[in-house]
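# Working through the structure, step by step
One letter stands for each residue in the lines below.
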Amino acid sequence: MNQNKLFNRTRWQLAISYAAVMGLILSLLGFGVYKAIAHAHWVAIDRELESVAGTLHDSLELKLQQPARLEPIVNELLPNLRLMGVKGIKEQLPSRHILSAINQGYYYIRLFDYSGKLIATAGAYPEQLPPEFNSQYWQTITDTKGNVYHQISVALHTQTQQDWGYFQVGRSLQDFNDYLSTVKWVLKLGLPTALILIGFASWLLAGLAMKPIYSSYRQIQQFTADAAHELRTPLAASQATVESALLTPQLDEKEAREILRTIDRQNRRLTQLVADLLLLARMDNQAIRDRPQLCCLNDLVSDLVEELAAMAIASKVALTSEVRVQQQLNVVGNSDQLYRLVANLIVNAIQYTPAGGKVTVILDCSHQEAIVQVQDTGIGIAAADLERIFDRFYRVNSDRSRHTGGSGLGLAIAQTIARAHRGSLSARSELGSGSTFLLQLPL
C-alpha cells in the first residue's frame, strides 16, 4: 500500500486530520482542566480565608473593650503582633497560643481603626503592602514588588457592640501561582508529547483503516483485468474466425457451418460470462432474497444427483448421494440460487475427478444448520491455492479450466450465494487425494 501514491497520500491526509482533530480536542480539554483546577483552588482559598477570619474575628470581639484600643490579651491570639504607635500595649508579649493557619508563613493580619488608620499587624505581614485601607469584603492587591495577595475585610466591635474598627486577614498567592505555573508547564509539555504520540497512532490507525479499502481496490483492479481478459478471449476468437472466413474466396456449406458453430460457441461463452458478471454485481449490491421461499434440501440434492448423472457417466465418474437425516431439511431462500450453488459444486467435482473416481453428495444437519458436503476423489487442491479458490477468475489449473469451459467464476458465485443466505462455504483438500466442499445453511 505504501508504494501506491494515491493511498499513501490519502493515508497521510487521514493521519493529519486525526491528529488535528485530537489536538484540538486535547487543547480544549487541557484549557478546561486548567480553568477547573484554578477555580477549585481559588474557591478553597476563599473558604480558608473566611474560616480563619471568622474564627479570629469572633475571638477578638470577646476581648475588645474600647474602640481603637488593643487589650494585652489580644497578643495571645495573634502571632508576631506589631503595634503601629497605638496606646494600650507597651511591648509585644510572647505568644502562648498560635493559630495553625496563621502560622503557615503566608497569612497576615491588619487591624484598622474606624477612620481607616493602621493600628497593628500580625503574622507574615509583608512590609511592601500599601497602608491604605479599603473596606471591600474581598480584595486582591499587589505590593510594590509585584507579589499578589488576597484578603478579606470585616468590621470589629467591642464587647458592648461599639464600633471598634476593621479587621483584615490576607494571604500571599505565591504558592497558588506557583502551583498554576506547574500545571501550565505540565500542559505545555504534555500537549506536544501527546500530539506526537497521537500523530504516530493516527498514522497506524489510518493504515489499518485503509487496508480493507486498499484490499477492495486491489480486488477491483484484479477483477477488472481478469474480466477484460476473459471477455477479450472469446471476442478475439470470434474476430479471428470472421476474418479468416472473409479472407477465404469461397466457402462451401460445411466450412460455413463450422465457422458458425465456432462463433456460436464463443458467443455462448461470452453470454454466460456476462451473465455471471451481472449476477455477481447484483449479489454484491443486495442480498438474494427477492422471493424468499421454503426450500427442501432433500429434494434439491436428489434432483441434482439425478440430473447430473448423465454428465458423471460421460466422465466415467460415479455420482451418488447420502442422506444422513430422517427429517426434511428446509431453509428459507431463493431456490434457484441454492440450486445453482449446489450444482456448481457437483459439476466442479465431476470435472476435476479422473475417470473411475467417485463424487458423493452428503446431506446432514447439526446445531440448527443444514450441511451439504460434496466429496470427490479427484486431483485435489494445493494448500497454497486453497485460500484463493473462491476468488473471482482464480483457476487452480488454467489449462484444465479452459478445457472444461470454466471462467473461474463458479466457486465465487457459490460463495456469494451462500453468504447471501446467511450461510458459509468452505473447502478442505489434499493434493492428489480429493476435495470436500462444505456448505452450511441455517435451518
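Now for a quick tour of the structure.

Each value, and the rule that gives it
- Residues numbered from 1 in each chain as written.
- Predicted model: local features only at pLDDT ≥ 70, side-chain atom pairs only at ≥ 80, totals over all residues.
- Heavy atoms only, no water.
- Pairing = 2+ DSSP bridges.
- Helix = DSSP H or I, 4+ residues; strand = E, 2+ residues; numbered from the N terminus.
- Axes fitted to C-alpha atoms, helices over the stretch in contact; angles between N-to-C directions.
- Contact = heavy atoms within 4.5 Å.
- Salt bridge = Lys/Arg side-chain N within 4 Å of Asp/Glu carboxyl O.
- Buried < 20%, exposed > 50% of the residue type's maximum accessible area, 1.4 Å probe, protein only.
- Arc of directions from axis to C-beta.
- Core = buried A, V, L, I, M, F, W, Y, C linked by side-chain atoms within 4.5 Å.
- Phe/Tyr/Trp six-rings, centres within 6.5 Å; stacked < 30°, edge-to-face > 60°.
- Left-handed = near helix turned anticlockwise from the far one by under 90°.
- Nonpolar A, V, L, I, M, F, W, Y, C, P; charged D, E, K, R; others polar.

## Quick word on the sheet that holds strand S8 (residues 318-323)
Spatial ordering of the open sheet is given by S8-S10-S11-S13-S12, a layout of five strands whose pairing is mixed. Each edge of the open sheet is held by one strand with a lone partner, namely S8 and strand S12 (424-430). On average, each strand axis in the sheet is tilted by 15° relative to the strand beside it, whichever way the strands run. Relative to the sheet, helix H6 (residues 335-351) contacts S8, strand S10 (358-366), strand S11 (369-376), S12 and strand S13 (434-442), its axis offset from that of S11 by approximately 25°.

## Side note on the pattern of salt bridges
A full pass over the atoms with the stated rule returns three salt bridges. A salt bridge links Arg 171 to Glu 48; the shortest N-O distance between them is 3.4 Å. On the criterion of sequence distance, the pair formed by Arg 171 in strand S6 (residues 163-172) and Glu 48 in helix H1 (residues 5-61) is long-range, its members being 123 residues apart. Glu 48 gets classed as partly exposed once you look at its relative accessible area, which sits at 31%. Where Glu 322 meets Arg 324, a salt bridge forms, and the shortest distance between an N and an O atom there is 2.9 Å.

## A word on helix H4 (residues 297-307)
Within H4 the residues assigned to the buried category are Leu 297, Asn 298, Leu 300, Val 301, Leu 304 and Val 305. For H4, the angular spread of the buried residues around the axis is 165°, confining them to a single face.

## What to know about the nonpolar core
Ranked by size, the top nonpolar core spans 43 residues in total, and within it Leu 319, Leu 341, Val 342, Ile 346 and Leu 439 carry the most contacts. Elements represented by at least two residues in this core include exactly helix H3 (253-285), H4, H6, S10, S11, helix H9 (410-420) and S13. It is H6 that contributes the most residues to this core, eight residues altogether. The contact partners of Leu 341, leaving out residues within four places of it in the chain, are Ala 414, Ile 417, Ala 418 and Leu 439.

## Side note on the packing of aromatic side chains
Taken as a whole and assessed by the stated rule, the structure comprises seven aromatic pairs. Each ring, one from Trp 42 and one from Phe 176, has its centre 5.6 Å from the other, and the planes form 55°; the classification is tilted. Taken together, the residues Trp 42 in helix H1 and Phe 176 in helix H2 (residues 174-247) connect sequence positions 134 residues apart. Classification of Trp 42 as partly exposed rests on a relative accessible area of 27%. Centre to centre, the rings of Phe 112 and Phe 133 are 4.8 Å apart; their planes meet at 50°, and the pair counts as tilted. Of this pair, Phe 112 sits in strand S2 (residues 107-113) while Phe 133 is found in the loop between strand S3 (118-123) and strand S4 (138-142), placing the two residues 21 residues apart along the sequence.

## Quick word on the sheet that holds S3
Within the open sheet, the six strands sit side by side as S1-S3-S2-S6-S5-S4. Their pairing is antiparallel. Two strands in the sheet have a free side with no partner beyond their single neighbour: strand S1 (82-83) and S4. Bridging between S1 and S3 involves two bridges; their strand directions are antiparallel. Bridge pairing in S3 places Arg 82 opposite Thr 121. Helix-sheet contacts for H1 involve S2, S4, strand S5 (148-157) and S6, and the interaxial angle to S5 is about 30°.

## Concerning the packing of H6 against H9
Following both chains from N to C, one finds H6 and H9 inclined at 145°, their axes separated by 9 Å at the closest point. Classified by chirality, the crossing of H9 by H6 is left-handed. Residues Gln 337, Leu 338, Arg 340, Leu 341, Asn 344, Leu 345 and Asn 348 of H6 touch H9, and the partners they reach there are Gly 410, Leu 411, Ile 413, Ala 414, Ile 417 and Ala 418. The class makeup of the residues in the contact of H6 with H9 is eight nonpolar, four polar and one charged.

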